[in-house]
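Chain by chain, the residues:
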Amino acid sequence: MSEIPKAYEPGAVEEKWYAEWLETGCFAADPASAKPGFSIVIPPPNVTGVLTLGHVLNNTLQDILARRARQTGREVLWLPGTDHAGIATQTVVERQLRKEEGKTRRDLGREEFLKRVWTWKEKHGGIIIKQLKRLGCSCDWGRERFTMDGDYSRQVQEVFVKLHAKGLIYRGKRMVNWCPVSQTALSDEEVIMKPAKGKLYVMRYEVAEEPGTFLEIATTRPETLMGDTAVAVHPDDPRYARFIGKHAVRPFPRAEIPIVGDTHIDMTFGTGVLKVTPAHDKTDFEIGQRHGLEVVDVMHPDGTLNESAGAEFAGMERFAAREAAAQKLEEMGLLVRVEDYENNVGFSERADVPIEPRLSEQWFLKYPQVPAALDAVVSGKIRFVPERWAKIYEHWMTNIQDWCISRQLWWGHRIPVWYGKDDPSVMHVGLEAPVDAENWRQDDDVLDTWFSSWLWPFATMDDATRKKFYPTNDLVTGPDIIFFWVARMIMAGLEFTGEVPFRNVFFTSIIRDIKGRKMSKSLGNSPDPLDLMAKYGADGLRFGLMRIAPHGQDVRFDENQIKEGRNFANKLWNAARFREMQGAASSVKPLAEHKLSPYSIAVLVAFDAMHAGYRQALDDFHFHEAAALLYDFFWSTYCDWYVEASKAELAAGGESADGVRAVMDHILSGYLRLLHPFMPHITEELWSRLGYAQGEGKDAMILFAAPPADDSLPGVSAEEKARASNAVQAVYDAVRQVRVLRAEFKVPTNQECVAYLARDPAFQGLDLSVFRSLAKASSVPEVDAGGPPKKMPHVLTPLGEVYLELEIDVEAEKKRLGEEVAKVAAEIAKVEKKLADTSFVQGAPSEVIENFKKRGNEWRAKKAKLEGAIAAL
């Protein structure tokens, strides 16, 4: 290879190696391989999607697992694909149709509209896949799947037919969550509860049998009162029990409706009187079922009011109708008062509008394998990481409701049910239409998108692949889809394969901005990952993000940390260049053939300790800990200390320098392998350039290079390792303390001075050349415990007492330090005054208070140091 360039250019390196990996088929999984299998399926992003930081986090974690598995000798399948995203995709295409042609899907008809969706998918649907490749994802792209692929679609429909035959899928008229924008039913899991500020309207209905007697009713939704078919009270409520059996007068459209007694009424909520609207509230529907009430639907599917609401409200948007209904009540003298009110309102996950409870005929699924799916997690057959999600899963599984699986869309897997044209009550369920298809009409609805993706771990694989790679090993996903997807996949896996679909589920963190806010386009706090990769490189983005993604906690995104990822790549690059300057790796004898200095032994011991911690961290899915270990070892232990300490040996040449080069090669070659899953491109480049690659093609790549040995020094005793590590640590600690002392006395960094040492007897015989070099000492004369005869600034270190011979004006320095102490004391007083102010402490945010306390501690520590310096004088 040519010489390592001075500057690292991530864009060129990343493009080069990703193309090389693809060209040589490095990511392709072989079901016939004799290696043990490892598999992971990508949570399929929506075909409409573009890369977000959430995708970056999730897919980097998966890539780390996949690349690590390759290095440990596994045959790896990381299976990619996209989800057809029924609501999202149809919405995008419909919007485009309205904008460009002024038409709706109904103007085109189903067949033509679906052609348009497929055209859109072919043109725009691969964007996120290209972006995942830019990130460096090592998926088997030859196996990329799409949930609307022909064979996948057939499996989805087969599952419907099988579950219907078992009596688990049924059709019924039920109260569902309805999205007025998408105009489709939603499952409970697709409804997001949000706190909303609204109004509580207290109105009154007259008792028909007692003119002049009124019942006060509190409601948040006066726009539905036109659908009221009863008023309900608790039969034991002494205020209202006597009215049961009588009638209340609904003001408009005017009608007398029964007053019923129902034990489900909460006597303490509101006025204790409930208007019952069976068509527009789940609780009201259940009350209506118990009392045989009429069901009056006053709303169109798009959220506008229909003719049943009365001519003056027909066609009115629901929230406008709310204001109009309240206005009319006031005009009629029936609005008692309006109060501010905050409650939780269900919003459509996709359209982000309040859902409408709506009575609708839909298809439902009684979940299969519920007890077995619950036991799989409770028993530990499937491990959830972090563990707390297992409790949340258990709670949901023990309170599970039937799943509404039909959607009023055109884009998706059409329900395989046909109805007789002459007699719609005659129904055919099958993969194909009946022979006399012209006499039958297929159900217009499609299946919920999640009804296809719950089959993802096994429906994406052919028989040979499934035999080798199923069940999969790990799943990495967000906790927000634990019910949408994870729980359902477990049930589907048990039902259709007899096995759990995966062994481990790692739930990622939510990425928030530095202020703790959820990222969104509207807040402008969601950076484009492609922009970040252009600035800092894919490896810089990956590594920077891993370092700020704590286990089980939300990520506070800070672009400075991504910048730090790029800086780390530069540090690695420069360290590799430094090694290259010392000569070719191929000319260096194996490590075991060298006599090593204590500094070399100590750095190898530290490397082994880092490696052990790294392995444990990855086994525990503590990715951020592994990243922190990699960062701290390389930046501090290796670069800042060992490389600097070794320069004297390198300059001396001969066998000593050969030993250092052997240690550097051992560490760099091992370290690059450990770092590779996190930063794949730069490690592959340096592996090649430093001459560590062996063989040709795939065999030469770090992608398949085995991890380093657990023990770098098998021929060195534990006692010798400990002795070397302790001695080296004492030298490094002494250097740190001398540097602090020099800084306190403002000694220029390039100025050498004599450092007298009263050596600790434990380190007799230790060569002091490294200490002299790192401490910027012109010489290190040794003195007895009393120190040199002349008074000097000194510091007690693990190596012994160190005295610096400095040419300073003692009195002037005392004066200067005294002035510094006074300034610091003033800052301490300010902080203490602020924290003593009760009104400030009670009113300020907790983080502000903590910041003041932290500042106070920092100022006090500085004051103590300055006073120590004065004492030293």
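Details of the structure are given in the entry above.
Notes on the structure follow. Computed from a predicted model, the values in this text were never measured in an experiment.

### Some points on the overall build of the protein
Now for step 1: Within the protein, the secondary structure is distributed over 27 helices and 28 strands.
Now for step 2: In terms of overall dimensions, the protein has C-alpha extents of about 115 × 75 × 55 Å along its principal axes.
Now for step 3: Here the protein holds 873 residues, and the buried ones make up 52% of them.
Now for step 4: Nonlocal contacts in the protein, meaning residues at least 24 apart in sequence, comprise 77% of its contacts between residues at least 6 apart.
Now for step 5: Summed over all atoms, the accessible surface of the protein reaches about 39,000 Å², with 50% contributed by carbon and sulfur.
Now for step 6: Distance between charge centroids for the protein: 3 Å, based on 109 positive and 125 negative side chains.

### Some thoughts on the sheet that holds strand E6 (residues 184-186)
What links the strands of a sheet is backbone hydrogen bonding, and the strands pair in either a parallel or an antiparallel sense.
Now for step 1: Reading across the sheet, the 4 strands line up as E6-E5-E14-E16 and stay open at both edges, with antiparallel pairing between neighbours. Pairing within the sheet leaves two strands with one partner each, and these edge strands are E6 and strand E16 (403-404).
Now for step 2: Two elements, strand E5 (residues 169-179) and E6, share 3 bridges in a ladder whose sense is antiparallel. Residue Trp178 lies in a different strand from E6, and its bridge partner there is Ala185.

### What to know about the packing of helix H19 (residues 598-619) against helix H20 (residues 623-652)
Now for step 1: Running from N to C, H19 and H20 cross one another at 170 degrees; their axes reach a closest spacing of 9 Å. Of the possible angle classes, the one that applies to H19 and H20 is roughly antiparallel. Together, Tyr599, Ser600, Val603, Ala606, Phe607, Met610, Gly613, Tyr614, Ala617 and Leu618 of H19 and Phe623, Glu625, Ala626, Leu629, Leu630, Phe633, Thr637, Tyr638, Tyr642 and Ala645 of H20 make up the contact between the two elements.
Now for step 2: Tallied by class, the residues present in the contact of H19 with H20 amount to 16 nonpolar, 3 polar and 1 charged.

### Structural notes on empty space enclosed by the protein
Now for step 1: With the rule as written, the count across this model stands at 2 cavities of 30 Å³ or more.
Now for step 2: Put simply, the largest cavity is a space of about 90 Å³.
Now for step 3: As for the largest cavity, its lining consists of 14 residues, and the residues nearest its centre are Leu61, Phe506, Ser509, Ala549 and Pro550.
Now for step 4: Secondary-structure elements contributing two or more residues to the lining of the largest cavity are helix H2 (53-71), strand E23 (502-507) and H20.
Now for step 5: Here the residues of the lining of the largest cavity sort into 8 nonpolar, 6 polar and no charged.
Now for step 6: Every residue lining the second largest cavity is listed: Trp178, Pro180, His280, Met299, His300, Pro301, Gly303, Glu356, Pro357 and Arg358.
Now for step 7: Looking at the lining of the second largest cavity, the element that brings in the most residues is strand E14 (residues 356-365), giving 3 residues.
Now for step 8: In terms of residue class, the lining of the second largest cavity is made up of 5 nonpolar, 3 polar and 2 charged.

### A closer look at the sheet that holds strand E26 (residues 755-759)
Now for step 1: With antiparallel pairing, 3 strands are arranged side by side in an open sheet as E26-E28-E27. Every interior strand has two partners, whereas the edge strands, E26 and strand E27 (794-797), have only one. Adjacent strand axes in the sheet meet at a mean angle of 20 degrees, parallel and antiparallel pairs treated alike.
Now for step 2: Examined bridge by bridge, E26 and strand E28 (residues 800-804) share 5 bridges and lie antiparallel to one another. Paired with Arg759 across the two strands is Gly800, which belongs to E28.
Now for step 3: Here helix H23 (residues 718-744) sits on the sheet in contact with E27 and E28, set at roughly 160 degrees to E27.

### Brief notes about the pattern of salt bridges
Now for step 1: Going through the model one piece at a time under the given rule, you end up with 51 salt bridges.
Now for step 2: For Arg116, the salt bridge goes to Glu101, with nearest N and O atoms at 2.6 Å. Here Arg116, found in helix H5 (residues 110-124), pairs with Glu101, found in helix H3 (residues 86-101); they are 15 residues apart in sequence, far enough to count as distant.
Now for step 3: The class for Arg116 is partly exposed, based on a relative accessible area of 27%.
Now for step 4: Here Glu101 falls in the partly exposed class, since its relative accessible area comes to 34%.

### Things to note about the nonpolar core
Now for step 1: Counting residues in hydrophobic clusters, the biggest one holds 193 residues, and the most contacted among them are Phe384, Phe451, Tyr638 and Phe678.
Now for step 2: With 14 residues, the single largest contributor to this core is H20.
Now for step 3: Those residues in contact with Phe678 that sit more than four places away from it in its chain are Ile64, Arg542, Phe543, Met546, Tyr614, Leu618, Phe623, Ala626, Ala627 and Leu630.
Now for step 4: Membership of the second largest hydrophobic core comes to 29 residues, among which are Ala248, Ile257, Val296 and Val298.

### Quick word on the pairing of strand E1 (residues 37-41)
Now for step 1: In terms of burial, E1 is a largely internal element, 4 of the 5 residues being buried.
Now for step 2: Two strands pair when backbone bridges link them, and E1 and strand E2 (residues 75-79) are joined in this way by 5 bridges, in the parallel orientation. What sits directly across from Ile40, in E2, is Trp78.
Now for step 3: Tracing the backbone out of E1, into H2 and back to the parallel element E2 gives a crossover that is right-handed.

### Describing helix H8 (residues 282-291)
Now for step 1: Those residues of H8 that fall on the buried side of the exposure criterion are Asp284, Phe285, Ile287 and Gly288. Here the buried residues of H8 occupy an arc of 160 degrees about the axis, which is enough to place them on one side.
Now for step 2: On its buried face, H8 is in contact with E5, strand E12 (274-276) and E14.
Now for step 3: In the stretch just after H8, Gly292 is the one whose phi turns positive, near 65 degrees.

### What to know about unusual backbone geometry
Now for step 1: Pro386 follows Val385 through a cis peptide bond whose omega is -5 degrees.
Now for step 2: Considering the arrangement of structural elements, one finds Pro386 in the loop between strand E15 (383-385) and helix H11 (388-398).
Now for step 3: The peptide bond linking Tyr470 to Pro471 adopts the cis configuration, its omega dihedral lying at 0 degrees.
Now for step 4: Locating Pro471 in the fold gives a position in the loop between helix H14 (463-469) and strand E22 (472-477).
Now for step 5: Here Asp352, not a glycine, exhibits a phi torsion of approximately 60 degrees, which is positive.
Now for step 6: Within the secondary structure layout, Asp352 lies in the loop between strand E13 (335-348) and E14.
Now for step 7: One non-glycine residue with positive phi stands out, namely Phe621, at about 65 degrees.
Now for step 8: Considering the arrangement of structural elements, one finds Phe621 in the loop between H19 and H20.
Now for step 9: The exposure class assigned to Phe621 is buried, which follows from its relative accessible area of 4%.

### Comments concerning the state of the cysteines
A covalent bond bridging the sulfur atoms of two cysteines is what the word disulfide describes.
Now for step 1: A full pass over the atoms with the stated rule returns 0 disulfides.
Now for step 2: No disulfide involves Cys137; its sulfur sits 5.3 Å from the nearest other cysteine sulfur, which is in Cys139.
Now for step 3: Take Cys137: its relative accessible area is 0%, and that puts it in the buried class.

### Focus: helix H7 (residues 150-165)
Now for step 1: With 16 residues, H7 extends 23 Å from end C-alpha to end C-alpha; this agrees with the ideal 22 Å at 1.5 Å per step.
Now for step 2: When we look at burial in H7, the residues that qualify are Tyr152, Ser153, Val156, Gln157, Val159, Phe160 and Leu163. An end-on view of H7 places all buried positions within 150 degrees of arc, on one side of the element. Looking at H7, the residues exposed on the side facing more than 90 degrees away from the buried face are Gly150 and Ala165.
Now for step 3: Remark: Gly167 follows H7 within two positions and exhibits a positive phi of approximately 80 degrees.

### Considerations on the packing of aromatic side chains
Now for step 1: Enumeration over the complete set of coordinates arrives at 44 aromatic pairs.
Now for step 2: Both rings, one in Phe634 and one in Tyr638, keep their centres 5.3 Å apart while their planes meet at 25 degrees; by these two values the pair is stacked. Note that Phe634 and Tyr638 are positioned in helix H20 at a spacing of 4 residues, about one turn of the helix. Here Phe634 and Tyr638 have matching classes, each one buried.
Now for step 3: Members of the aromatic cluster, joined through ring pairs, are Phe543, Phe568, Phe607, Tyr614, Tyr631, Phe633, Phe634, Trp635, Tyr638, Tyr642, Tyr671 and Phe678.
Now for step 4: The ring of Phe214 carries the charged tip of Arg204 above its face, separated from the ring centre by 4.1 Å.

The rules we used
- Residues numbered from 1 in each chain as written.
- Predicted model: local features only at pLDDT ≥ 70, side-chain atom pairs only at ≥ 80, totals over all residues.
- Heavy atoms only, no water.
- Helix = DSSP H or I, 4+ residues; strand = E, 2+ residues; numbered from the N terminus.
- Buried < 20%, exposed > 50% of the residue type's maximum accessible area, 1.4 Å probe, protein only.
- Contact = heavy atoms within 4.5 Å.
- Areas by Shrake-Rupley, 256 points an atom, 1.4 Å probe, with all protein chains shown as cover.
- Lys, Arg positive; Asp, Glu negative; His and termini not counted.
- Charge placed at Lys NZ, Arg CZ, Asp CG, Glu CD.
- Pairing = 2+ DSSP bridges.
- Axes fitted to C-alpha atoms, helices over the stretch in contact; angles between N-to-C directions.
- Parallel < 35°, antiparallel > 145°, perpendicular 65-115°, else oblique.
- Nonpolar A, V, L, I, M, F, W, Y, C, P; charged D, E, K, R; others polar.
- 1 Å grid on protein atoms, 1.4 Å probe; cavity = no way out; pocket = protein on both sides within 12 Å on 5 of 7 lines; lining within 4 Å.
- Points joined across faces, edges and corners; volume = space filled by probe spheres on them.
- Salt bridge = Lys/Arg side-chain N within 4 Å of Asp/Glu carboxyl O.
- Core = buried A, V, L, I, M, F, W, Y, C linked by side-chain atoms within 4.5 Å.
- Right-handed = clockwise from strand over helix to strand, strands pointing away.
- Arc of directions from axis to C-beta.
- Disulfide = S-S within 2.5 Å.
- Expected span 1.5 Å × (residues − 1).
- Phe/Tyr/Trp six-rings, centres within 6.5 Å; stacked < 30°, edge-to-face > 60°.
- Lys NZ or Arg CZ within 6 Å of the ring centre and 35° of its normal.

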